[in-house]
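Residues per chain are reported as follows:
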Amino acid sequence: MAQPLCDTSFRKSDSGSFYTAWSSMAGLVKRGLVLRNGSPAKFSLSDAGAAMAQQLRDGSDACVSKHLAAPEIISIDTSDDDSPISETQDGTVAGNGDVATTLMCDNKQCLTVSAPIPMKRKATAANMRDYENSHLSSVQSEKTSHRKKCSPQEQETADNTLILEPGSFDVILLVDKNETAGGSEPRRLLEDVAVSELSALGTLFELRHLKVADFTWVCRDRVTGQELVLPYIVERKRMDDLASSIRDGRFHEQKFRMKQSGLQNLIYLVESHGDNMHTSLPLDTLNQATINTQVVDRFTVKTTSSHRDSMRYLSIMTRLLSSTYCNKTIVSCHHDRLPRCHIRDDLVSLMTFSEFNMASSKTKALKVQDVFIKQLLQLHGLSAEKAQAIVERYPTPRVLMAAFQAEGSAGEKLLANIRYGSLNRLIGPVISRTIHKFYTNHLLS
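About the thresholds
- Residues numbered from 1 in each chain as written.
- Predicted model: local features only at pLDDT ≥ 70, side-chain atom pairs only at ≥ 80, totals over all residues.
- Heavy atoms only, no water.
- Helix = DSSP H or I, 4+ residues; strand = E, 2+ residues; numbered from the N terminus.
- Buried < 20%, exposed > 50% of the residue type's maximum accessible area, 1.4 Å probe, protein only.
- Contact = heavy atoms within 4.5 Å.
- Areas by Shrake-Rupley, 256 points an atom, 1.4 Å probe, with all protein chains shown as cover.
- Pairing = 2+ DSSP bridges.
- Axes fitted to C-alpha atoms, helices over the stretch in contact; angles between N-to-C directions.
- Phe/Tyr/Trp six-rings, centres within 6.5 Å; stacked < 30°, edge-to-face > 60°.
- Lys NZ or Arg CZ within 6 Å of the ring centre and 35° of its normal.
- pLDDT = per-residue confidence, 0-100.

Visitor: Would you mind going over the overall build of the protein with me for this structure?
Guide: The secondary structure content of the protein amounts to 17 helices and 18 strands. Within the protein, the fraction of its 445 residues that count as buried is 38%. Within the protein, residue pairs in contact and separated by at least 24 positions form 60% of the contacts whose partners lie at least 6 positions apart. If you sum the accessible surface of the protein, you get close to 25,600 Å²; carbon and sulfur atoms cover 51% of it.

Visitor: Looking at this model, I keep getting lost on the sheet that holds strand 12 (residues 227–238). Mind explaining?
Guide: With respect to topology, 6 strands assemble into an open sheet ordered 10-9-11-12-13-14, the strand pairing being mixed. The sheet is open, and its two edges are formed by strand 10 (205–208) and strand 14 (300–304), each paired on a single side. Strand-to-strand, the axes of this sheet are offset by a mean angle of 30 degrees, without reference to chain direction. In terms of strand pairing, strand 12 meets strand 13 (residues 265–271) through 7 bridges, oriented parallel. Across the sheet, residue glutamate 235 finds its bridge partner in strand 13, namely tyrosine 268.

Visitor: What exactly am I supposed to notice about the packing of aromatic side chains here?
Guide: Aromatic ring pairs: the centre-centre distance and the angle between the two ring planes describe each pair. Counted under the stated rule, the structure contains 7 aromatic pairs. Measuring from ring centre to ring centre gives 4.9 Å for phenylalanine 438 and tyrosine 439, while their planes differ by 90 degrees; the resulting arrangement is edge-to-face. Grouped by ring-pair contacts, the aromatic residues Phe251, Tyr268 and Phe299 constitute a single cluster. Sitting above the plane of the phenylalanine 353 ring, arginine 208 keeps its charged end 4.6 Å from the centroid.

Visitor: Help me understand the confidence of the model for the protein in this model?
Guide: Interpretation of the predicted coordinates at a detailed level should be avoided for regions scoring low in pLDDT. Averaged over all residues, the pLDDT of the protein is 77; the fraction at 70 or higher stands at 72%. Of the regions scoring below 50 in pLDDT, residues 63–159 engages in 120 contacts with residues more than four places distant in sequence or in other chains.

Here is the structure:
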């Protein structure tokens, strides 16, 4: 319904541009003018947005510079249907009022220009942008001075932003080299079930050394070869390997590292091994572990009957992701500032592969909080969410032990009322007592 009112397509970006008409919705949501709820998302005007719309309709530009505070250029025509527009002899269109144009510069200060603007016969956003460009010289010095205030790291990040236009990249499945039977030896790779199956299915894939998990996907620019990581990551476990990982502690440690990877869609691929009877743990224990992974850790758990079935699942996922993201604009973003990705968005922010692998490395310099969380995860009953909640309240073991000492005999219940996770549950007295015993007893039995 809105398309006839816009001079830019809602579905495809114009030549030389990375955005569609719908891309503006993200700015409106960020400024609190539009509310986004539910999944699939539903959009509605907030009270501030309704007031803004009414003032724009009434021809008032008083609130424009008050609400718009993002570092971009925005043009607003405040003339309404009551302002007669007449065609002049030179083929331009003139109105009886001025047009207010608000230019937003990088330091978030606005410059409002009011002047009669001659427009072509068809008034478009491109005409407005041409007019704005003639006034940009007055704010360029402000933008330059703002950039000088930024740190060198911030300037480098801003200048090196990677943008992949729709249709300019391929979606490629990355397979960890440890998942293949022959490593990187060419002869043995040809005999590997994973390689042969993915090749037979026509899947675009590449063997790579991944620091976390077994599979992920990247968008690779067809010209430059630069890569951005899609927000999906897969850890594959055969039932016998799942039992071994539970026994040696890798099970919780790997899930924790996947949660810290910065990728929001975490997939646990559980593969049957024959009749699943020859494992080091009972089948009921393994089934309970997979259920906990789905319900408690909020992973997507996919079970397959064989290795070939797992490869078919990954092939289908590759085709699905390729068809979903091929028409989107992909922009690089730093790991620490990565926003949540919504599959319906036209503009998606992703981290580079090099940053993803570096952030997931086991040998990276860990902070005290990271080591503290790893230590807590070794205790029975502690999940990553519980450990994170405890560390947010008591950032180091020394702080926690001092708190236990200050509480005296009541220290056993110190952590019981800490809430964790999206459901805001309590950690409870049992785990609180376990942690208290671990950090206060000199001899553990």
